[in-house]
Structures are given as C-alpha cells and as structure tokens.
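# Structural overview
Spelled out, the chains give:
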Amino acid sequence: MPPLGKYVDLFKSEPLHNTNNAWQHWFMSALTIAMHYTNSHLKSATTISDLPVNTPLVSFLNCVRDTLKCGRLYKSFLRWFAEKRKKGISFSYRFTGLESKLFCWNFASLVQELLKVNTLSKGSVIKLHSLVFAGVRLRDAVSIYSRVEISTEQLNNLQILCQQFFNVFYLFLDGITPTVWTIGVAIPYHTRS
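Everything in this summary refers to the structure shown in the same document. (Residues numbered from 1 in each chain as written. Predicted model: local features only at pLDDT ≥ 70, side-chain atom pairs only at ≥ 80, totals over all residues. Heavy atoms only, no water.)

The first and last C-alpha atoms of helix 2 (residues 15-36) sit 32 Å apart over 22 residues, in line with the 32 Å expected at 1.5 Å per residue. The element helix 2 is largely enclosed, with a buried count of 16 among its 22 residues. (Helix = DSSP H or I, 4+ residues; strand = E, 2+ residues; numbered from the N terminus. Expected span 1.5 Å × (residues − 1). Buried < 20%, exposed > 50% of the residue type's maximum accessible area, 1.4 Å probe, protein only.)

Structure, rendered in structure tokens:
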C-alpha cells in the first residue's frame, strides 16, 4: 500500500472547483479549434482588431463577450493575444463560478459560431459535436453533484452522465486529463459516498 493510500481516500472532490476546471478545459478545446481555422491570419496580427471581422476567432470571441457575457474572459484573451502570444506563452485563464454558470447556460452558442465556418474538416465537425455532447453531460452532472440532497435515482443518473463525459473526451477529444478524470471517476464516487 502506498504511504499516502489511506489518506488519499479522505480527500473529497469539491463541486465548484471541479466545475470551473471542467468548463475551463471545455473552453480551451473550443478555442483551439477557433484558432486553428484562423491560423493564416494569426501570423501577421498583433491585436485582435488586426484580424478580419469574419474570421472564426473573432466570431468566437464576440460570442464569448456578447452572448455568454464573459467580459473578463474576453478581456483576458485580448491582453494575452496582444502581449504574450508572440512570446510563446500559452493562454491561461482561471474560470470562476460566474463563468461556469454562464457556460452552463450558453455553451452551445460557441459551437454554433464555429459550425458556421465553411472550411471545417469532418474531424473538426465531429469534435464540435463531441464538445456539445460533453457540455450537455457536464451541465447536467453539475446540476446534480452541486446539490445538498440527492436521491438514489439522481446518483445513478450522475454516474452515467460523468461516465459519458469521460468517454467523449477519451474517444473524440483531447484524451484524459486530471480534470476529465476527476469529473468522470472521482465526482460520482465521492457524491455516492
């Protein structure tokens, strides 16, 4: 038995923190697709305003700002794009409960914006549909594991939702990360216990 084995079992996965991490991970997957289809314009741009307004990244960011109402996330990306992107620093933003709530309500709007890109490959279309599937599963799971009182039926439903979230990332998206594993495995286990 590992030296920390008996103590690790005492840890509990905290709902809000894991929700924030999961939506942050979801957002980064969608952002990667938006940037991929704007790649030809990115090399010469120093700010977002240098990009043509009809590029996927600009449409995606306008949706983040206008539809999802995530102004802090939008401004943070603009700062990163202008100051740190050329230095090779990856974009990083720590989601709060507000962004998570807004993503639970409107995440599909971002995918709708990306589906408007007429040069999407079949693989990207599958990834976008997979993101919608994962987003629905995450939203529904969050609504269950954030509750104080949960019925046995809801626990069984949570197990299925979290497993499907895990499976879609494993099969169609960017694989298993600690965040995906926590939502897929640890959340149902700790919620049941």
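That shown, we press on.
Taken together, the side chains of Lys-75, Arg-79, Lys-84 and Lys-87 present a region of like positive charge at the surface. Note that Arg-79 resides in helix 5 (residues 71-83). The exposure class assigned to Arg-79 is partly exposed, which follows from its relative accessible area of 47%. (Patch = residues over 30% accessible without salt bridge, like charges linked within 9 Å, V, L, I, M, F, W, Y side chains within 5 Å. Areas by Shrake-Rupley, 256 points an atom, 1.4 Å probe, with all protein chains shown as cover. Salt bridge = Lys/Arg side-chain N within 4 Å of Asp/Glu carboxyl O. Lys, Arg positive; Asp, Glu negative; His and termini not counted. Charge placed at Lys NZ, Arg CZ, Asp CG, Glu CD.)

To continue, consider the packing of aromatic side chains. According to the stated counting rule, one finds 16 aromatic pairs in the structure shown. Taken together, a centroid distance of 5.9 Å and an interplanar angle of 75° make the contact between Tyr-93 and Phe-95 edge-to-face. Pairwise contacts between aromatic rings join Trp-23, Trp-26, Phe-27, Phe-60, Tyr-93, Phe-95, Phe-103 and Phe-107 into one cluster. Its end group placed over the ring of Tyr-74, Arg-65 keeps NZ or CZ at 4.9 Å from the ring centre. (Phe/Tyr/Trp six-rings, centres within 6.5 Å; stacked < 30°, edge-to-face > 60°. Lys NZ or Arg CZ within 6 Å of the ring centre and 35° of its normal.)

This paragraph deals with helix 7 (residues 122-145). Its 24 residues place the ends of helix 7 34 Å apart at the C-alpha level, agreeing with the 34 Å of an ideal helix rising 1.5 Å per residue. For helix 7, the set of buried residues is Ser-124, Leu-128, Ser-130, Leu-131, Ala-134, Gly-135, Arg-137, Leu-138, Ala-141, Val-142, Ile-144 and Tyr-145. If you follow the buried residues of helix 7, they end up packed against helix 2, helix 6 (97-115), helix 8 (152-172) and helix 9 (178-192). (Contact = heavy atoms within 4.5 Å.)

We now examine the nonpolar core. Across soluble globular proteins, nonpolar side chains show a tendency to be buried alongside one another. Counting 58 residues, the largest nonpolar core has Trp-26, Leu-57, Phe-60, Phe-77 and Phe-103 as the members making the most contacts within it. Residue assignment for this core shows that the elements contributing at least two residues are helix 2, helix 4 (56-66), helix 5, helix 6, helix 7, helix 8 and helix 9. Examining the composition of this core, we find that nine residues originate from one element, helix 2, more than from any other. (Core = buried A, V, L, I, M, F, W, Y, C linked by side-chain atoms within 4.5 Å.)

Within the secondary structure, Ile-48 is located in the loop between helix 3 (39-42) and helix 4. A relative accessible area of 11% means that Ile-48 is categorised as buried. With 13 residues separating them in the primary sequence, Ile-48 and Leu-61 have C-alpha atoms 9.4 Å apart.

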